[in-house]
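Chain and residue survey
Chain by chain, the residues:
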Amino acid sequence: ASQHRLWPEIENVVKSQVNMAKMGIGECGAGWQLFAEDGEMKMYRREEEVDGMVCDPLKAVHVVKGISGHEVCHYFFNPQYRYDWESTLEHMTVLETISEDTLVFLQTHKRIWPASQREGLFWSHIRKLPNEKDRDGPDIWTVVNNSTEYSEHPANNGKCVRIFLTVCLLCQTTVDPPKDGTTLTRDNLSCKITYCSVVNPGGWAPASVLRAVYKREYPKFLKRFTAYVKNQTKNKPIMF
Ligand SMILES: CCCCCc1ccc(-c2ccc(S(=O)(=O)CCO)cc2)cc1[C@H]1C[C@H]1c1ccccn1
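Presented here is an overview of the structure given in this document. Since this is a predicted model, take the numbers as computed values, not measurements. (Residues numbered from 1 in each chain as written. Predicted model: local features only at pLDDT ≥ 70, side-chain atom pairs only at ≥ 80, totals over all residues. Heavy atoms only, no water.)

**Topic: the layout of surface pockets**
Taken as a whole, the largest pocket holds about 330 Å³ of empty space. Lining the largest pocket are 16 residues, and of these Ala21, Lys22, Lys133, Leu170 and Lys192 sit closest to its centre. Contributions of two or more residues to the lining of the largest pocket are made by helix H1 (7-22), strand S5 (58-65), strand S11 (164-175) and strand S12 (189-200). In terms of residue class, the lining of the largest pocket is made up of seven nonpolar, four polar and five charged. Residue lining of the second largest pocket: 13 residues in total, with Met20, Trp32, Pro57, Cys196 and Val198 positioned closest to the centre. At the level of secondary structure, the elements contributing two or more residues to the lining of the second largest pocket comprise H1, S5 and S12. With three residues, S12 is the largest single contributor of residues to the lining of the second largest pocket. Classifying every residue of the lining of the second largest pocket by side-chain character gives eight nonpolar, three polar and two charged. (1 Å grid on protein atoms, 1.4 Å probe; cavity = no way out; pocket = protein on both sides within 12 Å on 5 of 7 lines; lining within 4 Å. Points joined across faces, edges and corners; volume = space filled by probe spheres on them. Helix = DSSP H or I, 4+ residues; strand = E, 2+ residues; numbered from the N terminus. Nonpolar A, V, L, I, M, F, W, Y, C, P; charged D, E, K, R; others polar.)

Next up, the structure:
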């Protein structure tokens with residue numbers, strides 16, 4: 001994959017996205033407002049407009065017991081599970097398999113009235129990162145999705161408006177070994193999930209509609225996805 005035309009961009013975007021995701025909300029600059037909270041899940045957004053279009057950056061932090069970062073990234077990255085958890089998805093195809101850890105997706109999302117239907121074309125890369133804080137601790141896992149151009153699929157030539165997105169899912173696993181030295185179970189496992197996304201809706205949509213959609217969809221998405229991973233892994237050996 002390292003000789004693929006997208007490789008330099010993938011390297012740069014992954015590095016910068018991971019660094020941003022690692023920063024606490026306080027270090028990410030001013031203007032973040034907590035807009036949704038549900039137990040361990042906290043969702044922040046910053047109100048930003050680009051050419052009059054709402055492009056609010058979003059940062060969600062969630063702690064989920066009983067799953068590992070590798071498992072979270074595995075079910076987020078692999079196309080065969082996506083229809084199970086991505087409720088706004090209408091159609092998804094893999095346009096290119098650049099390598100086993102890098103795919104190019106074309107996705108159409110269900111139309112959200114009164115806006116026109118959206119589609120996304122993005123590369124997706126999964127990567128294990130060394131745990132800098134604790135050398136012999138579990139690795140960090142990440143998936144980065146970033147919009148890209150594709151000559152065979154020019155933007156906005158069909159009915160769908162092409163969105164532009166950058167998404168980073170960063171997962172840090174914590175193992176709390178059982179006191180009595182018995183074998184590790186999922187009860188000794190938890191995962192800190194940081195989900196960062198910036199979605200440019202591509203074509204104009206009313207700010208009030210977009211912000212209402214984000215407020216409804218993002219908490220639903222993260223809760224549904226993490227519940228899906230817990231359910232898929234509960235009777236399986238732990239993937240570290
Ligand atoms: C008028 C609405 C314009 C924007 C609609 C839209 C399209 C794509 C997306 C989106 C595309 C990719 C990702 S992902 O994390 O890479 C996973 C792979 O699917 C995530 C979200 C979001 C939204 C916005 C609905 C909002 C919304 C928010 C979370 C989930 C679903 N919908």
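**Comments concerning the site of the ligand**
In the vicinity of the ligand, 21 residues are found, and the nearest of them are Glu86, Gln107, Asn145, Tyr195 and Val213. In the environment of the ligand, an oxygen atom lies 2.5 Å from a nitrogen or oxygen atom belonging to the side chain of glutamate 86. Side-chain polar atom of tyrosine 195 to an oxygen atom of the ligand: 2.7 Å apart, as the coordinates give it. A total of 660 Å² of accessible area belongs to the ligand in isolation, and the protein chains cover 98% of it. More than half of the atoms belonging to the ligand lie within 2 Å of the grid points that define the largest cavity. Among the elements of the structure, helix H3 (82-85), strand S7 (102-109), S11 and helix H4 (207-233) are those that each provide at least two residues to the shell around the ligand. In terms of residue count, the dominant contributor to the shell around the ligand is H4 (six residues). Grouping the amino acids of the shell around the ligand by side-chain chemistry returns 13 nonpolar, four polar and four charged. (Near = heavy atom within 4 Å. Polar contact = N/O pair within 3.5 Å; in protein donor to acceptor, adjacent residues only side chain to side chain. Areas by Shrake-Rupley, 256 points an atom, 1.4 Å probe, with all protein chains shown as cover. Sits in = over half its atoms within 2 Å of the grid points.)

**Remarks on the packing of helix H2 (residues 69-77) against H4**
The geometry of H2 relative to H4 is characterised by a closest axis approach of 10 Å and an angle of 110° between their N-to-C directions. Taken as axis vectors, H2 and H4 run roughly perpendicular relative to one another. Relative to H4, the crossing made by H2 is right-handed. Here Glu71, Val72, Tyr75 and Phe76 of H2 lie close against H4, whose contacting residues are Phe221, Phe225, Tyr228, Val229, Gln232 and Thr233. Class assignment of the residues belonging to the contact of H2 with H4 gives a composition of seven nonpolar, two polar and one charged. (Axes fitted to C-alpha atoms, helices over the stretch in contact; angles between N-to-C directions. Parallel < 35°, antiparallel > 145°, perpendicular 65-115°, else oblique. Left-handed = near helix turned anticlockwise from the far one by under 90°. Contact = heavy atoms within 4.5 Å.)

**A few points about the packing of aromatic side chains**
Evaluation of the coordinates by the stated rule reveals eleven aromatic pairs. Both rings, one in tyrosine 75 and one in tyrosine 81, keep their centres 4.5 Å apart while their planes meet at 50°; by these two values the pair is tilted. Tyrosine 81 carries the same exposure label as tyrosine 75, and that label is buried. A connected cluster of aromatic rings, assembled from ring pairs, spans Phe76, Trp85, Tyr195, Tyr214, Tyr218, Phe221 and Phe225. The ring of phenylalanine 35 has arginine 45 sitting right over it, with the charged end atom 5.3 Å from the ring centre. A cation over an aromatic ring shows up here: arginine 82 above the ring of phenylalanine 105, its NZ or CZ 4.1 Å from the ring centre. (Phe/Tyr/Trp six-rings, centres within 6.5 Å; stacked < 30°, edge-to-face > 60°. Buried < 20%, exposed > 50% of the residue type's maximum accessible area, 1.4 Å probe, protein only. Lys NZ or Arg CZ within 6 Å of the ring centre and 35° of its normal.)

**Structural notes on the pairing of strand S8 (residues 118-129)**
Within S8, eleven of the twelve residues are buried, which leaves the element mostly enclosed by the surrounding structure. Where S7 meets S8, eight bridges bridge the pair, whose relative direction is antiparallel. Considered in S8, the bridge of glutamine 107 is made with glycine 120. Relative to strand S10 (residues 161-162), S8 runs parallel, the two sharing two bridges. In the sheet register, glutamate 119 faces S10, and the bridge partner there is arginine 162. Sheet topology places S8 next to strand S9 (residues 140-147); eight bridges connect them, and they run antiparallel. Residue pairing across strands places isoleucine 126 opposite valine 143, the latter belonging to S9. (Pairing = 2+ DSSP bridges.)

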